[in-house]
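Chain by chain, the residues:
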Amino acid sequence: MMLCILALIATASAGPWGQLFKGEKVFRVQPKNEEQVKIIATLTTLVQLDFWKPESSSQISPNMVVDFHAAVDEASFVQYFLRKSGIEYEVLIDDLQMAIEKQLDSQYSGYNHSYEKYNTWDKVAAWTAEMASTYSSLVTREEIGNSYKGRPMYVLKLGKSSTSKKTAFIECGIHAREWISPAFCQWFVNEAVRTYETDKTMNRLLSKMTIYVLPVFNVDGYVYTWTNNRMWRKNLGESPSRYCTGTDLNRNFNVSWCSVGASKSPCSETYCGSSPESEIETKNVVTFIRKHISTMKTYISVHSYSQLLMFPYAFTYDHVANYKILNTIAEKAVRQLTSLYNTAYRYGAVAETIYPAAGASLDWAYDEGIKYAFVFELRDTGRYGFLLPESEIKPTCKETMVAVKYILNYVLLQ
Amino acid sequence: MEIPPTHYPATRAMKAVEHYINYHYGSPNKIFTLHGVKKATLEDIPGVGHKYILQCSMKDMVNEKDVGVCNAEILFHQDQKTAPKVECRFNMDQITNSQAADNEFFTRISNLPEPLTAEYIPDSYGHIAPGMEQIRYLGYLAACYIMWQNSTEGTLYNLAQIRSVQQVVTSADFLEFDYTVLLHDFVSQEIIPWQMQVLWNPKEGIKVERNARKPKSCGHY
């Protein structure tokens, strides 16, 4: 009953209609006898009360549970009056506005996109359309192909200029279970459009650069983590095995393919696929990057977990030609990141920092000529691992934002 | 030979030490985290294996307190089947006494009207139901035993999730549970289900009796 009433009020008070019920209270009394019924009747002549139960004061009888709502100015008088009259009362709702908003949150979280919650693929897809339509001067949505199961792979193009000399690419969600990764890409886009006017760095980045964001690389895998298996990593591509499915997209790129840190077994979590770029998702990204290769300067791949900022190579311990500069950028970006919440990050080349692994998007991007290539492993370090609590989405995204902006800005100023 | 403290050989060794420490010294109200390796050396012992000597920072995770430095030695046997041998020194004085909280937990769970049963801790969104935090830590301590026993230089284990826990009421002296946990090995990226029979009381700590690695499922864990 209470929930229905709140819902009815909620539809009236939601969003831009503001704080209609701030500070208003709902009281409950149970008049013990006719005398107390009369006292309540007297109260209704002194102040405006809105009866929830029963529907009007005339219907009140002894021992009935009576709920009524009083405006801010009236609430303290009501309490004084009831106390003076010796009528016991209970404050059911202390602040009606807060109660409504809380109800709205839980009732409608099923329908609304949130930057501080993990969003289903449907919500992310709808959000990409909404961003492109709401911020049409800054954001365009492109479809770069379909996933194995036919789902669209959306890329958001951010920037003022249609012909930038420098472009950047940020990919999230190549591994399905790393939910904080797509959450970061969504956060990034929102921050970009939200602070374009007010933040000098963001304004410069979006005016002089084009940033492409792929919020969910492995769409099918991401959906699968919501419907079937929260710990899924690979895509849902066909495999030669009857029992196992899926390829590790981050072992499927054509750079020393399957030579190390990847498996030829279809049942393995690091199955490299039947051949380099065997997976349609990989091919779609390869095609897209090659289309923009002449201007592309930065490639950022976002994963979780371990709190690391790394750069190529993953497939070999050999240092890349610009190892020193990438190491310095990583060091400075990490220092900025840590300054927010003291989150400890390590940095270094992938192979020596975590393990050698061939077929990664990062290595491929670097060898294509994108010399500023970085990979993030976001929070945490194993306490929650892939199951990072939603309460950590905001701080994780804020600190990562600082580091990503540092990298993008560094390259822009080159 | 000194090795880089931020690179993987040192960090994998540190993780195995962390599992060892939690299994031996932890409780449902006292969980340790090792972080920030300051110094690491690697010694080859011919015919035996590799010994790592580490110095890192230690934190009491439950009480969110830094508890000083941990100096540890871990020997990984070359047969990769024997559990790594760990020795460690850290300052016990800095660590909050959890006895009262442990006793309270023991009493509370001993007196439940029905045997406790739960699954997926944390849930998909990282949420843990109120009152279940210690059940989760208990499962973590038991998993630490498994992770320590199975650690090599080529693994890096974390507890991904408690798949299920079922209380078994057999004795008044111990709490007993049947846990199935999902371990995550960062190196192979595999999710490994493991079933454990776990006994615990505040005085004697944790015991993992029967335990078995479960087959990897084709779909849902």
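All of the points below concern the structure found in this document. All values derive from a computational prediction rather than experimental measurement. (Residues numbered from 1 in each chain as written. Chains lettered and ligands numbered in written order. Predicted model: local features only at pLDDT ≥ 70, side-chain atom pairs only at ≥ 80, totals over all residues. Heavy atoms only, no water.)

Considering the side chain of Thr155(B)
Residue and element names in this part refer to chain B. Our working rule: Counting from the N terminus, the helices are DSSP H or I runs at least four residues long and the strands are E runs at least two residues long. For every residue, the accessible area obtained with a 1.4 Å probe (protein chains only) is divided by the maximum for its type, and the residue is called buried under 20%, exposed over 50%, and partly exposed between those limits. Counting of polar contacts relies on pairs of N or O atoms within 3.5 Å, with two restrictions inside protein: one atom must be capable of donating a hydrogen and the other of accepting it, and residues adjacent in sequence are counted only when both atoms are side-chain atoms. Two residues qualify as a contact provided that any one of their heavy atoms is within 4.5 Å of a heavy atom in the partner residue.
In this structure, Thr 155 sits in the loop between helix H3 (133-149) and strand S6 (157-167). Taking relative accessible area as the criterion, Thr 155 reaches 9% and is therefore assigned buried. From its side chain, Thr 155 meets the backbone nitrogen of Thr 152 in a polar contact 2.9 Å long. Discounting chain neighbours no more than four positions away, the residues touching Thr 155 are Arg 12, Asn 150, Asp 185 and Val 187.

With respect to the packing of helix H2 (residues 99-110) of chain B against H3(B)
All names here are of chain B. Convention followed: Note on geometry: axes are lines fitted to C-alpha atoms, helical ones only across the stretch in contact, with angles between N-to-C directions running from 0 to 180 degrees. Any angle from 65 to 115 degrees is called roughly perpendicular, while one under 35 is roughly parallel, one over 145 is roughly antiparallel, and all others are oblique.
With their axes 11 Å apart at the nearest point, H2 and H3 run at an angle of 105° to one another. In terms of orientation, H2 lies roughly perpendicular with respect to H3. The segment H2 lies against H3, with Ala 101, Glu 104, Phe 105, Arg 108 and Ile 109 engaging Gln 134, Ile 135 and Leu 138.

A closer look at the sheet that holds strand S7 (residues 175-185) of chain B
All names here are of chain B. This is how it is decided: Pairing between two strands is assigned when DSSP locates at least 2 bridges connecting them.
Taken together, the 5 strands give an open sheet; going across it, the order is S5-S6-S7-S8-S9, and neighbouring strands pair in antiparallel fashion. Only two strands of the sheet have a single neighbouring strand rather than two, namely strand S5 (117-121) and strand S9 (205-213). Across the sheet, the mean angle separating the axes of adjacent strands is 30° when strand polarity is ignored. Sheet topology note: the strand S8 (residues 191-201)/S9 ladder contains 7 bridges and is antiparallel. Its bridge partner lying in S9, Met 196 is registered against Asn 211. Against the sheet, H3 touches S5, S6, S7, S8 and S9, its axis set at about 65° to S7.

A look at the nonpolar core
This is how it is decided: For this analysis, a nonpolar core means a set of buried residues of the types Ala, Val, Leu, Ile, Met, Phe, Trp, Tyr and Cys, connected via side-chain atoms within 4.5 Å.
Phe169(A), Phe188(A) and Phe376(A) are the most contacted members of the largest nonpolar core, which has 99 residues in total. Apart from the residues within four sequence positions on either side, Phe188(A) is in contact with Leu158(A), Ile170(A), Ile211(A), Val213(A), Met401(A), Val404(A) and Leu408(A). Formed by 66 residues, the second largest nonpolar core is a distinct cluster that contains Ala40(B), Tyr52(B), Cys56(B) and Ile192(B).

Description of the interface of chain B and chain A
We count it as follows: Simply put, the buried area is the total loss of 1.4 Å probe accessible area from both parts when two parts are fitted together. Classification convention: Asp, Glu, Lys, Arg as charged; Ala, Val, Leu, Ile, Met, Phe, Trp, Tyr, Cys, Pro as nonpolar; all other residues, Gly among them, as polar.
Taken together, the 32 residues of chain B in the interface contact 36 residues of chain A. Each partner contributes to the roughly 2,800 Å² buried at the junction of chain B and chain A, and carbon and sulfur atoms together form 50% of this total. Considering only the side of chain B, the residues that lose the most area to chain A are Tyr8(B), Tyr125(B) and Phe186(B), jointly responsible for 23% of the buried surface there. Viewed at the interface, chain A and chain B are joined by 17 residue pairs in polar contact (both at pLDDT 80 or more). Elements with a minimum of two residues in the side of chain B that touches chain A: helix H1 (8-25), H3, S6 and S7 of chain B. Residues that form the side of chain B that touches chain A fall into these classes: 14 nonpolar, 12 polar and 6 charged.

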